[in-house]
Amino acid sequence: MTKILFVVGMARSGSTLLAALLNRVDGFAGLGETHVYWELAGGEERCGCDRSLAECPLWGTLYREQRERGVDFAELQDSFRDFVRPRPSSLLRGLRARRGGLGTDRLGRYLEATESTYMWMAERTESTVLVDSTKLPAAADLTAAMPSADVHLVHLVRDPRAAAQSLARRHQSGGGGRGSLRYLAAVARAALDWTLRNAYAEAKLRRHFARRYLRLRFEDLTREPRETVAGLLEFVGAEPAPEIFVSEDTVELGENHILTGNSVRFQRGPVAVAPAERWRAEMPLHAQALATLLTLPLLAFYRYPLLPRRG
Ligand SMILES: [Zn+2]
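Thresholds, definitions, all that
- Residues numbered from 1 in each chain as written.
- Predicted model: local features only at pLDDT ≥ 70, side-chain atom pairs only at ≥ 80, totals over all residues.
- Heavy atoms only, no water.
- Helix = DSSP H or I, 4+ residues; strand = E, 2+ residues; numbered from the N terminus.
- Rg over C-alpha atoms; globule rule 2.2 N^0.38 Å.
- Buried < 20%, exposed > 50% of the residue type's maximum accessible area, 1.4 Å probe, protein only.
- Contact = heavy atoms within 4.5 Å.
- Areas by Shrake-Rupley, 256 points an atom, 1.4 Å probe, with all protein chains shown as cover.
- Donors = N, O, S within 2.8 Å, 3.2 Å for Na, K, Ca; no water.
- Tetrahedral: all angles 85-135°; square planar, octahedral: opposite > 155°, others 65-115°.
- Core = buried A, V, L, I, M, F, W, Y, C linked by side-chain atoms within 4.5 Å.
- Pairing = 2+ DSSP bridges.
- Axes fitted to C-alpha atoms, helices over the stretch in contact; angles between N-to-C directions.
- Phe/Tyr/Trp six-rings, centres within 6.5 Å; stacked < 30°, edge-to-face > 60°.
- Lys NZ or Arg CZ within 6 Å of the ring centre and 35° of its normal.
- Arc of directions from axis to C-beta.
- Bend = angle between axes of the 7 residues up to and from the residue.

Chemist: Whenever I open this one, the overall build of the protein confuses me. Can you help?
Modeler: Each helix and strand in the protein was counted, giving 13 helices and seven strands. Relative to its length of 311 residues, the protein is compact, with a C-alpha radius of gyration of 19 Å against a globular reference of 19 Å. Expressed as lengths along the three principal axes of its C-alpha atoms, the size of the protein is roughly 55 × 45 × 40 Å. A buried classification covers 53% of the 311 residues belonging to the protein. In the protein, the share of contacts with a sequence separation of at least 24, taken over all contacts with a separation of at least 6, comes to 76%. When the accessible surface of the protein is totalled, it reaches about 14,200 Å², and 52% of it is carbon and sulfur.

Given below as structure tokens:
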């Protein structure tokens, strides 16, 4: 049975790096945000192999085969937007549809198509573990409902101030007072999204997955990449793979077909994994305080330092 290592968590939490690291392990394929495939299939978006998705030998071939089989992409895109997209309403609609019974409706067809995509990928890449970094809690729920998949959930947590700064950065400069308001609104939105996703993962997914649930702090991955990857491999029952590291913190990144995410997927050769702390120097103290305030209970639970500070 194909194992799926599904990464759930907030955007900008380092899931692409995780997928790129694991993609180096024999028998693993880093797929990236597999559920987002339905939105991007056959399009111009760059794959991790630096070709467009239409031209990628993996995703492009899958797309053409699916077209020939008459897969209804328009319906699957609607289903992605209705059931998976990061909105509280999608989550509720997804849950309601699941209670209404799987396999009888549009959601059932979405599940079947996504499951067959995983199976196709496992066969083509000759992998036993697929790494899906979709991150959306609703997607984790749906993937777990697929009968043929043995899903292991990695709940990836990053300091919310870092994730919020990464998302809000583009609003930071220009526009004077109004620009500043836009920036703070983006920080607040990201902090609330962080709280919602992590609370859902803690309250529902952790219980549901039980022994197949693992919480991982991004900061621990970047501080001790070698030990962290070893722990992840043990978690999914895979053999140790010390050979992917050329030194304690340097990994040799190679060819991949990671769908969307951070630009690390385009890097090749030796890459040092290091703490990503640029946000500390960039983020004003009042914005840090705002993000702390909006995430406080979980921030304390995850043992992040609570006081704002500049790097
Ligand atoms: Zn590709």
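Chemist: Any chance you could explain the coordination of the zinc ion here in plain terms?
Modeler: When a metal carries six donors in an octahedron, the ideal angles between them are 90 or 180 degrees, while four donors in a tetrahedron ideally lie at 109.5 degrees. Those donors, C47 (SG), C49 (SG), C56 (SG) and H257 (ND1), are the protein atoms that reach the zinc ion, and they lie 2.1 to 2.4 Å from it. In this structure, the zinc ion is surrounded by four donor atoms whose angles at the metal cover 96 to 119°, and the resulting shape is tetrahedral.

Chemist: How do you make sense of the nonpolar core when you look at a structure like this?
Modeler: Side chains of a nonpolar character, in soluble globular proteins, are inclined to be buried together. With 45 residues, the main nonpolar core has F6, Y37, W59, V84, M121, L153 and L205 as its most contacted residues. Broken down by element, this core gets its largest block of residues, eight residues, from helix α6 (residues 106-124). Membership of the second largest hydrophobic core comes to 31 residues, among which are L17, V131, V229 and V264.

Chemist: What's the story with the sheet that holds strand β4 (residues 150-157) in this structure? I'm lost.
Modeler: Sheet strands associate in pairs through backbone hydrogen bonding, adopting either a parallel or an antiparallel arrangement. Judged by pairing direction, the sheet is parallel, and its five strands sit side by side in the order β2-β3-β1-β4-β5 without closing on themselves. Because the sheet does not close on itself, it has two edges, and the strands there are β2 (28-32) and β5 (213-217). Ignoring strand direction, the axes of neighbouring strands in this sheet form an average angle of 25°.

Chemist: Before we go on, may I ask you to explain the packing of aromatic side chains in this structure?
Modeler: Going through the model one piece at a time under the given rule, you end up with six aromatic pairs. Ring centres 5.8 Å apart and planes at 55° place the aromatic pair W38 and F73 in the tilted group. With W38 in helix α2 (residues 37-40) and F73 in helix α4 (residues 73-84), this pair connects stretches of sequence that are 35 residues apart. Each of the two residues, W38 as well as F73, counts as buried. The interplanar angle of 55° and the centroid separation of 5.4 Å between the aromatic rings of F301 and Y302 together place this pair among those described as tilted. For Y302, a relative accessible area of 3% corresponds to the buried category. Positioned over the ring face of Y304 is R217, at 4.6 Å from the centre of the ring.

Chemist: Quick question: what am I supposed to make of helix α11 (residues 225-235) here?
Modeler: Those residues of α11 not exposed but buried are P225, T228, V229, L232, L233 and F235. Buried positions in α11, seen along its axis, are confined to an arc of 155° and lie on one side of it. Packed against the buried residues of α11 are α1 (15-22), β2, β4, β5 and α10 (218-223). G237 sits one or two residues past α11 and shows a positive phi near 75°.

Chemist: Looking at this structure, how should I read helix α13 (residues 285-301)?
Modeler: Since the α-helix packs 3.6 residues into each turn, any two residues three or four apart lie on the same face. Its axis deflected by about 85° at T295, α13 carries its strongest bend there, up to four residues before the proline P297. Every buried residue of α13 is listed here: A287, Q288, A291, T292, T295, L298 and L299. One or two residues past the end of α13 sits R303, with phi positive at roughly 60°.

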